[in-house]
Amino acid sequence: MNINQNINKLLLALKQKGQVYKINTFRFYSDKAQKYVTKYQLLELIRIPKINKVTKKEEIEEKYAEVLKTYKNIELMTFLAEEYKFIVSEEGSEANGG
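Quick notes on the rules
Residues numbered from 1 in each chain as written. Predicted model: local features only at pLDDT ≥ 70, side-chain atom pairs only at ≥ 80, totals over all residues. Heavy atoms only, no water. Helix = DSSP H or I, 4+ residues; strand = E, 2+ residues; numbered from the N terminus. Rg over C-alpha atoms; globule rule 2.2 N^0.38 Å. Contact = heavy atoms within 4.5 Å. Areas by Shrake-Rupley, 256 points an atom, 1.4 Å probe, with all protein chains shown as cover. Lys, Arg positive; Asp, Glu negative; His and termini not counted. Charge placed at Lys NZ, Arg CZ, Asp CG, Glu CD. Buried < 20%, exposed > 50% of the residue type's maximum accessible area, 1.4 Å probe, protein only. Salt bridge = Lys/Arg side-chain N within 4 Å of Asp/Glu carboxyl O.

Asker: Lay out the overall build of the protein with the relevant residues and their values.
Answerer: Scanning the protein from N- to C-terminus turns up two helices and three strands. Across the protein, helices and strands are ordered from the amino to the carboxyl terminus as α-β-β-β-α. The C-alpha atoms of the protein give a radius of gyration of 18 Å, which is well past the 13 Å a tight globule of 98 residues would have. Each principal axis of the C-alpha atoms in the protein carries an extent, and together these give about 55 × 45 × 20 Å. The contacts of the protein with a sequence gap of at least 6 include a subset with a gap of at least 24, amounting to 44%. Element-wise, carbon and sulfur atoms account for 51% of the exposed surface of the protein, whose accessible area totals about 7,400 Å². If you average the places of the 17 positive and of the 13 negative side-chain charges in the protein, the two averages end up 6 Å apart.

Following this line, the structure appears as structure tokens:
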């Protein structure tokens, strides 16, 4: 299985746990490296409760906040795997009463 498949599986698993991420990729020519490189930007969905001034009802505003910037997709995969491990361990500690 390649890295991109692992990243997609981790994104799906995190989404099922309530964490929504988006990945932006940018390709550009690097004079320093003398080749085209890819920059990865990982964004996390943040939901912010707000009061609508007209209707006076609570609404949820959704924004994306940058979590990680990297040039290596292996770093991206490692970050997502660590996030997944953290969420699963938190669920385990809550189930054990702690």
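Asker: Give a detailed account of unusual backbone geometry, specifying residues and quantitative values.
Answerer: Comment: phi is negative for the bulk of residues other than glycine, and the bulk of peptide bonds are trans. The backbone of Gln34 shows a phi angle near 60°, a positive value even though the residue is not glycine. When you line up the elements, Gln34 lands in the loop between strand 1 (21-30) and strand 2 (35-51). One non-glycine residue, Lys56, lies in the positive phi region at around 60°. Structurally, Lys56 can be placed in the loop between strand 2 and strand 3 (58-70). With relative accessibility at 63%, the residue Lys56 sits in the exposed group.

Asker: Any chance you could break down the pattern of salt bridges for me, citing the residues and the numbers?
Answerer: The full count for this structure, using the stated rule, is six salt bridges. Salt-bridge contacts for Glu91 lead to Lys17; the nearest nitrogen and oxygen are separated by 3.0 Å. Residue Glu91 is found in helix 2 (residues 73-95), and its partner Lys17 is found in the loop between helix 1 (3-16) and strand 1; the two are separated by 74 residues along the sequence. Close ionic contact of Lys50 with Glu61 constitutes a salt bridge, the shortest N to O distance being 3.2 Å. A residue pair is termed long-range when its members are at least 10 positions apart, and Lys50 in strand 2 and Glu61 in strand 3 qualify at 11 residues. Connected through shared salt-bridge partners, Lys50, Glu61 and Lys63 make up one network.

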